[in-house]
Amino acid sequence: MNGAALFGVTAAALVGLGLYGLIVHPQPLRKILAFNVLGSGVFLIFGVVARRGAGAGMGGDPVPQALVITGIVVAFSATALAVALLLRLFEETGRASLRSDVSNANDEAGGNS
Amino acid sequence: MSSFEGTTASGFLLVLAIVAPFIGVLLSLALGGRASERIALLLMPMGLGIAVAIASGVWRAGAALLYVLGGWKTPLGVVLRADGLSAVMLVTTAIVICAAGLFARAEFQVPRGAPERRAPLMFWTLLLAVWGALNLVFLSSDLFNFYVALELLTFAAVPLVCLSGRAETLAAALRYMLFALLGSVFYLLGVALLYGAYGVLDVGLLSSRIRPDPVAWVALSLMTTGLLAKTALFPLHLWLPPAHAGAPPAASAVLSALVVKGAFFLIVRLWFDVMPGLLPQQAAQLLGALGAAAVLFGSVVALRQARLKLLIAYSTVAQIGYLFFVFPLVIGTDVAHAWNGAAWTGGWMQLVSHAFAKAAMFLAAGLIAEAAGHDRIAELGGIGRALPISVLAFALGGLSLMGVPPSGGFVAKWLLLTAAVEAGQWWWALVMLAGGLLAGAYVFRVLGQLWGDASGPLASLTKVSIRREAIALALALGAVSLGFVSLEPAKLLQIGRAHAAEIVLR
């Protein structure tokens, strides 16, 4: 197994783990972390694509590398936004989960007012 | 083929359409809340002018407008491309954003002498950001550019949901964000696989290289699934109703009328531009079936809603379903007529008329809720006497959703119905008829209440300005008047599609 194939398999494993976490875990924080694992897998696939597409005498195809940098920035901003929302939700309700439904939140608000 | 050509005359308009809103965003952030409203109000007529100029440019040239960024040609560089579809979407977006912006002035104004609040700055900045991101979606011609545009759109749309800062809107925004994250990472994975297999990202180049092999199928399926989560097609619609119902009225209008259509637009680009003619009939039928489930499910659930804004949000779930009939029906038509057939025109007519009708309904519902202090349908009896214009706007929007003539919704549904019968796919016609009846039921349930006997003293209502009611009515009249225009402008939808049609014929 050469390097690219090894990284390819690792990337696939990360994508699988991340997807599992994103779907199975009910807590938003775990979902956000799982998204980051999944994202890392996708970025690694870009790395594999860059390595396989390398021109003669070059370390890698620069286009996927440029895409990965943009992708990482976007994923970082997405994580920051999601965490900010979660923190704000925790401040407002004292809970960091989405399980208690919107209807419950409405009832509570109705009861207080 | 288009991608090998250089920048066309007036190609700079495409850059301007994207850059202008984002300059507004940066200026707003630098100058603060008081200036942000003025900046947005200044940019709205400019943006509308640019959109109309692009549309007329496409119409006069009869071909797509191109701008080659930095003079770098594909595959190294990136081009912006405006075809007929882009032109239609740009103009629709500009009109709805302008209406929502004018409507929102009363709510997000910083009065002279009053301390600045956070909400107005955020609202005007995000409104411009949504506009810029949508324009980027419509004008890009590169798979990775689409990704960046989609993410910008999500980052601008999610905070709009929770502007009020109430706990339930925060939960709705977080749920929206989690669905959007899943969607974007699926899309990016598809991009990685396509680049790995074909080495290009430009839509034009990719369409000439792509073959129906397993990599392409896996990549396109991943990307489509991701986009379905963002466009909230059943069964990935769970995030939409609380998010759209909890946002301020002007934001709800923009989210429901435009933002979900951005992701739909990309699905169309993927299947009809990147892989023209290769969408297998079974996959098209599956997309259509999900659309049919959305129409039936969304309408039935809308019928059972106790709150007006949630009812309208579920109706959005249903109306998005109609858009997906385009896939089986266009694939089902005779290849020579794919782009001038009833299915293609009907699908886009549905998109545009729904954008106007739904924006009008959300604005009208916002005014009704503002006047009454709540939006519980059962307690809104007789409000039609106090707010006749708003209720009329709601009614006209509703008629277009039901598909009652004369309205844009009627033309759209009639064309789709004709296409379904012509293609021998009668089952879609049944779903459309059922959807129309259900829409009638939920619209009349509300109207019966609003025009019925008063459930409380009308004097206790808060006053709302006639000017804002007129904006809602103007949008509703826009949706209705689409039913009167001839289908001549529908030719715009075919401009720039000759290339795709050639592939289909091959």
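Here the residue numbers are simple positions, counted from 1 along each chain's written sequence. Note on labels: chains are lettered from A, ligands numbered from 1, in written order. Where local features are concerned, this predicted model is filtered to residues with pLDDT of at least 70; where side-chain atom pairs are given and counted, the filter is 80 or more; whole-chain, interface and lining totals use all residues.

Student: Break down the overall build of chain B for me, citing the residues and quoting the values.
Tutor: For helices the rule is a DSSP run of H or I covering at least 4 residues; for strands it is a run of E covering at least 2, with both sets numbered from the N terminus onward. Tallying secondary structure elements over chain B gives 20 helices and two strands in all. Relative to its length of 506 residues, chain B is compact, with a C-alpha radius of gyration of 22 Å against a globular reference of 23 Å. With respect to the three principal axes, the spread of C-alpha positions in chain B is 70 × 55 × 40 Å. Here a residue counts as buried when 20 or more other C-beta atoms fall within 10 Å of its C-beta, as exposed when 12 or fewer do, and as partly exposed in between; the C-beta atoms come from the backbone. The buried share among the 506 residues of chain B stands at 63%. A residue pair is marked as a contact if its C-beta atoms, positioned from the backbone, fall within 7 Å. Here the contacts in chain B between residues at least 6 apart in sequence split such that 81% fall between residues at least 24 apart. The reference for a compact globule is 2.2 Å times residues^0.38; the radius of gyration itself is calculated from the C-alpha atoms.

Student: For the overall build of chain A, give the residues involved together with the corresponding values.
Tutor: On a plain count of helices and strands, chain A comes out with four helices and zero strands. Within the span of chain A, comprising 113 residues, buried residues form 30% of the whole. Residue pairs in contact within chain A that sit at least 24 positions apart in sequence constitute 51% of those at least 6 positions apart.

Student: If you had to explain helix 3 (residues 62-93) of chain A to someone new, which residues and values would you point to?
Tutor: To estimate the expected span of a helix, count its residues, drop one, and scale the result by 1.5 Å. For helix 3 of chain A, which comprises 32 residues, the first-to-last C-alpha distance of 47 Å matches the rise-based estimate of 46 Å (1.5 Å per residue) to within 8%. For helix 3 of chain A, every residue scored as buried is listed here: Pro64(A), Leu67(A), Val68(A), Gly71(A), Val74(A), Ala75(A), Ala78(A), Leu81(A), Ala82(A), Leu85(A), Leu86(A) and Leu89(A). The inward-facing, buried residues of helix 3 of chain A contact helix 2 (28-52) of chain A together with helix 5 (143-161) and helix 6 (167-198) of chain B. Gly94(A) lies just past helix 3 of chain A and shows a positive phi near 80°.

Student: Got a sec to walk through the interface of chain B and chain A? Specific residues and values, please.
Tutor: If you look at the interface, chain B gives 25 residues, while chain A gives 32 residues. Among the elements of the structure, helix 5 and helix 6 of chain B are those that each provide at least two residues to the side of chain B that touches chain A. By residue number, the principal contributor to the side of chain B that touches chain A is helix 6 of chain B, which donates 18 residues.

Student: Any chance you could break down the nonpolar core for me, citing the residues and the numbers?
Tutor: Residue and element names in this part refer to chain B. Membership of the largest hydrophobic core comes to 243 residues, with the highest contact counts inside it found for Ile54, Val130, Val254, Ala359 and Ala360. In terms of residue count, the dominant contributor to this core is helix 6 (23 residues). Excluding residues within four positions of it along the chain, Val254 makes contact with Val96, Ile97, Ala100, Leu127, Val130 and Val259. Each nonpolar core comprises buried Ala, Val, Leu, Ile, Met, Phe, Trp, Tyr and Cys residues, the members being joined through C-beta atoms within 7 Å.

Student: Mind laying out the environment of Val96(B), listing which residues take part and the relevant values?
Tutor: Residue and element names in this part refer to chain B. Structurally, Val96 is set in helix 3 (residues 84-104). When the C-alpha positions of Val96 and Leu258 are compared, they lie 8.1 Å apart, and in sequence the two are 162 residues distant. In contact with Val96, other than residues within four places in its own chain, are Ala253, Val254, Ala257, Leu258, Ala355 and Ala359.

Student: Tell me about the pairing of strand 2 (residues 79-82) of chain B, and name the residues and values.
Tutor: Residues and elements named next belong to chain B. Both faces of strand 2 are covered, namely the face carrying Val79 and Arg81 and the face carrying Leu80 and Ala82. DSSP-based pairing: two strands are paired if at least 2 bridges between them are found. With four bridges joining them, strand 1 (residues 65-68) and strand 2 adopt antiparallel strand pairing. In the strand pairing of strand 2, Leu65 is matched with Ala82.

Student: Can you explain the confidence of the model for chain A? Please cite residues and give values.
Tutor: Every residue is assigned a pLDDT by the predictor, reflecting its confidence on a scale from 0 to 100. Chain-level pLDDT for chain A is 82 on average; 84% of the residues reach the 70-or-more range. Ignoring residues within four places in sequence, the model shows residues 101-113 of chain A, a span with pLDDT below 50, making nine contacts including any to other chains.

Student: Help me get a handle on the packing of helix 11 (residues 281-303) of chain B against helix 12 (residues 308-323) of chain B, residues and values and all.
Tutor: Residues and elements named next belong to chain B. In contact at an axis separation of 7 Å, helix 11 and helix 12 are set at 160° when each is read in the N-to-C sense. One element, helix 11, and the other, helix 12, form an angle in the roughly antiparallel class. Here helix 11 and helix 12 pass one another in a crossing that is left-handed. Taking contact as the criterion, the partners of Gly291, Ala292, Ala294, Val295, Gly298, Ser299, Val301 and Ala302 in helix 11 are, on helix 12, Leu311, Tyr314, Ser315, Val317, Ala318, Ile320, Gly321, Tyr322 and Leu323. Only Asp, Glu, Lys and Arg are considered charged, only Ala, Val, Leu, Ile, Met, Phe, Trp, Tyr, Cys and Pro nonpolar, and every remaining residue, Gly among them, polar. Residue composition of the contact of helix 11 with helix 12, grouped by class: twelve nonpolar, five polar and no charged. The axes are straight lines fitted to the C-alpha atoms, using for helices just the contacting stretch, and the angles between their N-to-C directions are given from 0 to 180°. Should an angle lie under 35 degrees it is considered roughly parallel, over 145 roughly antiparallel, and from 65 to 115 roughly perpendicular; all remaining angles are considered oblique. Handedness of each helix crossing follows the sense of rotation of the near helix against the far helix: counterclockwise by less than a right angle gives left-handed, clockwise gives right-handed.

Student: Describe the environment of Leu80(B), and please don't skip the residues or the numbers.
Tutor: Among the secondary structure elements, Leu80(B) is positioned in strand 2. When sequence neighbours within four positions are dropped, the list of residues in contact with Leu80(B) reads Leu14(B), Val15(B), Tyr67(B), Leu69(B), Leu139(B), Ser140(B) and Ser141(B).

Student: Before we move on, could you go through the packing of helix 11 of chain B against helix 18 (residues 426-450) of chain B and cite the residues and values that matter?
Tutor: Residue and element names in this part refer to chain B. Between helix 11 and helix 18, the shortest axis-to-axis distance is 9 Å and the interhelical angle comes to 20°. In terms of orientation, helix 11 and helix 18 fall into the roughly parallel class. Once helix 11 is placed against helix 18, the crossing between them reads as left-handed. Taking contact as the criterion, the partners of Gly288, Ala292, Val295, Leu296, Ser299, Val300, Ala302 and Leu303 in helix 11 are, on helix 18, Trp428, Val431, Ala434, Gly435, Leu438, Ala439, Ala441, Tyr442 and Arg445.

Student: Pulling in residues and values, what's your account of the confidence of the model for chain B?
Tutor: Residue and element names in this part refer to chain B. The predicted model of chain B averages 86 in pLDDT, with 93% of residues at 70 or higher. Confidence, expressed as mean pLDDT per element, reaches its minimum in chain B at helix 20 (residues 498-505) with 46 and its maximum at helix 5 with 93. Note on residues 500-506: pLDDT is under 50 here. Beyond four places in sequence and across chains, it has 13 contacts. Scoring of the predicted complex yields 0.90 for pTM and 0.87 for ipTM.

Student: Residues and numbers for helix 5 of chain B, please.
Tutor: Between its first and last C-alpha atoms helix 5 of chain B spans 27 Å; for 19 residues at 1.5 Å apiece the expected length is 27 Å, and the two agree. Within helix 5 of chain B, 18 of the 19 residues are buried, which leaves it mostly tucked inside the rest of the structure.

Student: Tell me about unusual backbone geometry, residues and numbers included.
Tutor: Residue and element names in this part refer to chain B. For the bond running from Phe234 to Pro235, omega is 5°, close enough to zero to count as cis. Relative to the elements of secondary structure, Pro235 occurs in the loop between helix 8 (214-231) and helix 9 (240-246). Across the junction of Pro405 and Pro406, the peptide omega takes the value -5°, indicating a cis bond. The residue Pro406 is located in the loop between helix 16 (388-402) and helix 17 (408-422) in this model. In the Ramachandran plot, Ala232 falls in the positive-phi region, its phi being about 60° despite a non-glycine side chain. Within the secondary structure, Ala232 is located in the loop between helix 8 and helix 9. Of the residues examined, Ala232 has 29 C-beta atoms within 10 Å and is grouped as buried.

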